[in-house]
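# Analysis of the macromolecular model
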Amino acid sequence: MEQVPMWLQAGGWGLVAGGALLLGALVGYRYAVPARLVAAFMAFGSGVLISALSFELMDEAFKTGGLQATALGFLGGAAVYTLVNWWLAQGGARHRKRSGCQPSEQEHGGSGRAIAVGALLDGIPESIVIGLSMLGGGKASMVAVTAIFLSNVPEGLSSAAGMKKAGRSAGYIFGIWGTIAAASGLSALAGFTLFEAVSPATVAATTAVAAGAILAMLADTMIPEAFAEAHDCAGLITVLGFLAAFALGKMGA
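From a predicted model like this one, the values you see are computed outputs, not experimental measurements.

### Concerning the UniProt feature "transmembrane region" (unreviewed entry) in the chain
Mapped onto this numbering, the UniProt entry gives "transmembrane region" (unreviewed entry) at residues 6–29, 36–55, 67–88, 172–195, 201–219 and 231–249. In the segment residues 172–195, helix accounts for 92% and strand for 0%; the C-alpha atoms at its two ends are 34 Å apart. In residues 201–219, helix accounts for 100% and strand for 0%; the two terminal C-alpha atoms are 27 Å from one another.

Written out as structure tokens, the structure reads:
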């Protein structure tokens, strides 16, 4: 049986991870999931992502490109994400992951577009990482794919529920998440194909850029939203997510 081309594998894994957004959106749109349960899942997903970017991304970037390239990329990714996220927040996308208080188009004109762009901003760095993870060993990091999948389910669930409460249509909601799922596949494909022939230092810096953007996203959006509803145990649940991803990585080592 002929082996599936590497670029197609990269796109496929990105689509799997991004598809979790669509799965979560379907659940959030059809069912009234308790806000505290959604927050708990979001806290768990945050812990999983923190573990993945610590041990899978930053550590690998340091081994490949050294401290300088890793540090510059990490800070650059966080700075760019923070700047764009601030700009989107002015347009009504500040609480795009929250299930209960997103603005309607009547309350804040253009907020729907800002929320859509914000969701895309959150998803692209994660997906690029999947493609980059395949450059060294020829296979995707299952820790990274699992971490992104687990964090995307509550993200799609909470955001879709908030969009529905704000009066946005099913076509709008699933159009956004379907587009972002497809963009996730394309971003993973780009992470593999565009960086296949570049230097290790460039790959390391790009990986660190994505890691910085992911950590900034967690601190700016996911963790505050999780704490808002599950503050009594958000820290413990985040730690459990971190431990789960850490154990998964060690078992696969």
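Next, the rest of the story.
### Here's the deal with the packing of helix α1 (residues 6–30) against helix α4 (residues 142–165)
Two numbers describe how α1 lies on α4: the axes approach to 6 Å, and their chain directions differ by 30°. In terms of orientation, α1 and α4 fall into the roughly parallel class. Pair α1 / α4 crosses with right-handed handedness. Residues Trp13, Val16, Ala17, Gly18, Ala20, Leu21, Leu23, Gly24, Ala25, Val27, Gly28 and Tyr29 of α1 pack against Met142, Val145, Ile148, Phe149, Asn152, Val153, Glu155, Gly156, Leu157, Ala160, Ala161 and Lys164 of α4. When its residues are assigned to classes, the contact of α1 with α4 shows 17 nonpolar, five polar and two charged.

### Structural notes on a nonpolar patch on the surface
A cluster of nonpolar side chains, namely Val4, Trp7 and Leu8, defines an oily patch on the protein surface of about 280 Å² accessible area. For Leu8, a relative accessible area of 43% gives the class partly exposed.

### Notes on the packing of aromatic side chains
Counted by the stated rule, this structure contains three aromatic pairs. Ring centres of Tyr29 and Phe174 lie 5.4 Å apart, and the angle between their planes is 70°; on these two criteria the pair is classed as edge-to-face. Note that Tyr29 is positioned in helix α1 and Phe174 in helix α5 (residues 170–193), a separation of 145 residues in sequence. When its relative accessible area of 25% is taken as the criterion, Phe174 is described as partly exposed.

### A word on the environment of Ala35
Structurally, Ala35 can be placed in helix α2 (residues 35–93). In this structure, the C-alpha to C-alpha distance between Ala35 and Ala161, residues 126 residues apart in sequence, is 9.7 Å.

### Observations regarding the nonpolar core
Leu49, Ile130, Ile214 and Leu218 are the most contacted members of the largest nonpolar core, which totals 39 residues. Only α1, α2, α3 (111–137), α4, α5, α6 (200–230) and α7 (234–252) provide two or more residues apiece to this core. Ranked by residues supplied to this core, first place goes to α2 with 12 residues. Setting aside chain neighbours within four positions, we find Ile214 in contact with Leu49, Leu53, Leu57, Pro125, Glu126 and Val129. Counting residues in hydrophobic clusters, the runner-up holds eight residues, among them Ala25, Met163, Ile173 and Trp177.

Criteria and thresholds
- Residues numbered from 1 in each chain as written.
- Predicted model: local features only at pLDDT ≥ 70, side-chain atom pairs only at ≥ 80, totals over all residues.
- Heavy atoms only, no water.
- UniProt positions renumbered as here; feature names shortened; annotations may be inferred.
- Helix = DSSP H or I, 4+ residues; strand = E, 2+ residues; numbered from the N terminus.
- Axes fitted to C-alpha atoms, helices over the stretch in contact; angles between N-to-C directions.
- Parallel < 35°, antiparallel > 145°, perpendicular 65-115°, else oblique.
- Left-handed = near helix turned anticlockwise from the far one by under 90°.
- Contact = heavy atoms within 4.5 Å.
- Nonpolar A, V, L, I, M, F, W, Y, C, P; charged D, E, K, R; others polar.
- Patch = residues over 30% accessible without salt bridge, like charges linked within 9 Å, V, L, I, M, F, W, Y side chains within 5 Å.
- Areas by Shrake-Rupley, 256 points an atom, 1.4 Å probe, with all protein chains shown as cover.
- Salt bridge = Lys/Arg side-chain N within 4 Å of Asp/Glu carboxyl O.
- Buried < 20%, exposed > 50% of the residue type's maximum accessible area, 1.4 Å probe, protein only.
- Phe/Tyr/Trp six-rings, centres within 6.5 Å; stacked < 30°, edge-to-face > 60°.
- Core = buried A, V, L, I, M, F, W, Y, C linked by side-chain atoms within 4.5 Å.

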